[in-house]
Amino acid sequence: MLLFYPADLFSVGFWLSYLAVIAIVSLYPLIYRLIYLPRPFNKVWALLSVSIAAQIGTMPIGLYVFHQFPNYFLLTNLLAIPLAGIILYLAMALFLFNSIGIVGKILGKALALSVKILWQGIHFIENLPGATSTDIYLTFGQMLILYGLFISFILFFVQKNRRFAFYFVALAIVFQLINIEKKISLTIPHRMIVYNIPGHTAINFISPGQNILLVDSSLAQDKNKIRNTILPYWKYAGFDDAGFLVLNRDSVFTTSTFVMKKNLISFFDRKILLLWDGKILENQADWRFPVDLVIICYNPFLKISALQKLFSFRNIILCPSNKPFRNLSLSAQCDSLGLDCYNVSQQGAFIYKVKN
């Protein structure tokens, strides 16, 4: 699969599928042998064992990507696993015998009914009270440590070697230390964040009692995208919902700590230049205006060297609203001039801690 579609290596679905299979193959026999039940109860326990094994294999990456855990996964899989098998066999049979009139119709109706039962059953379970634990946030490192915890626990259980118990305790301590470090970092209340939302510009200015989100007009209308990409961070960090500012050429907005006038933003004692076209280069000045950051968005055609004649700066942030080739060109210009350049599309969200 990877030979034909190498990009699958970066697909969450690819990792979930194969981690589930690896976990089932390796852990199902161990889990199933834990409890002996007579027939027909052993069939139910076999389904539950498969479900538990698959959940162990996929839970860390599921928490990391989706920030939630399905509390009723055992109940769901009691329905989904047998029905998935029935749907698979019916689909194969329909593919083979669809041309045979009455047989194809019967198989088609049976397949449609099976899919409907599966969908309605899952929909019913997910709407039960307490079906999902949400707002669970792991770093990439914590995800890997969680896998390490599972592996060390299982090896200790199988081999009864104290060394694996030591590994388990050590990894648990590291996991908690990372948690503590995250909580401490969130006590720094004044920050600016440039989010990595492909094709858009979203800049967040956060301080106690103030949460301002500066977005482009298309993103401002897409509440689902904001809910899926930005709202989880606000919940995790304990921030209130933001006041929205739509980015345009005549933006003017003022609070006690935030001032925006067209291209220039003042946030506490930091000066930020926001560029979305090259028209600012048409101006003339006898001296260079100092700014702390330059944020470039929406593919402006400009020369960084020409911008340096008007402004004094050392750091440039490239938004994901720029085309990849434009970010590469601007990055190369920054390298040649000895400037620090941060490409949000490649390096992830940019977090600028303004004040401790």
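Before reading on, note that the structure itself is shown above.
Residues numbered from 1 in each chain as written. Predicted model: local features only at pLDDT ≥ 70, side-chain atom pairs only at ≥ 80, totals over all residues. Heavy atoms only, no water.

### Points about the pattern of salt bridges
Taken as a whole, this structure holds one salt bridge when the rule is applied. Between Asp-269 and Arg-270 there is a salt bridge whose closest N-O contact spans 3.1 Å. For Asp-269, a relative accessible area of 52% corresponds to the exposed category. Under the relative-accessibility criterion, Arg-270 is labelled partly exposed at 21%. (Salt bridge = Lys/Arg side-chain N within 4 Å of Asp/Glu carboxyl O. Buried < 20%, exposed > 50% of the residue type's maximum accessible area, 1.4 Å probe, protein only.)

### Comments concerning the sheet that holds strand β9 (residues 264–267)
The strand order across the open sheet formed by seven strands is β7-β8-β9-β10-β12-β14-β15, and the pairing between neighbours is mixed. Each end of this open sheet is capped by a strand with a single partner; those strands are β7 (252–254) and β15 (340–343). On average, each strand axis in the sheet is inclined to that of its neighbour by 20°, with strand direction left out of account. (Pairing = 2+ DSSP bridges. Helix = DSSP H or I, 4+ residues; strand = E, 2+ residues; numbered from the N terminus. Axes fitted to C-alpha atoms, helices over the stretch in contact; angles between N-to-C directions.)

### As for helix α2 (residues 41–66)
Along α2, the largest kink reaches about 50° and is centred on Thr-58; proline Pro-60 follows within four residues of it. Immediately downstream of α2, the backbone of His-67 shows phi near 60°, a positive value. (Bend = angle between axes of the 7 residues up to and from the residue.)

### Thoughts on helix α4 (residues 101–126)
In this model α4 runs 38 Å from its N-terminal to its C-terminal C-alpha over 26 residues, within 8% of the 38 Å that 1.5 Å per residue would give. Three or more residues of α4 are buried, namely Gly-104, Leu-107, Leu-111, Ser-114, Leu-118, Gly-121 and Ile-125. Where α4 is buried, its residues contact α3 (73–97). (Expected span 1.5 Å × (residues − 1). Contact = heavy atoms within 4.5 Å.)

### Let's talk about the side chain of Ser-152
Within the secondary structure, Ser-152 sits in helix α5 (residues 140–159). Judged by relative accessible area, which is 4%, Ser-152 ranks as buried. A polar side-chain atom of Ser-152 sits 3.1 Å from the main-chain carbonyl oxygen of Leu-149. With near-sequence residues (within four places) excluded, Ser-152 lies in contact with Phe-164, Tyr-167, Phe-168 and Leu-171. (Polar contact = N/O pair within 3.5 Å; in protein donor to acceptor, adjacent residues only side chain to side chain.)

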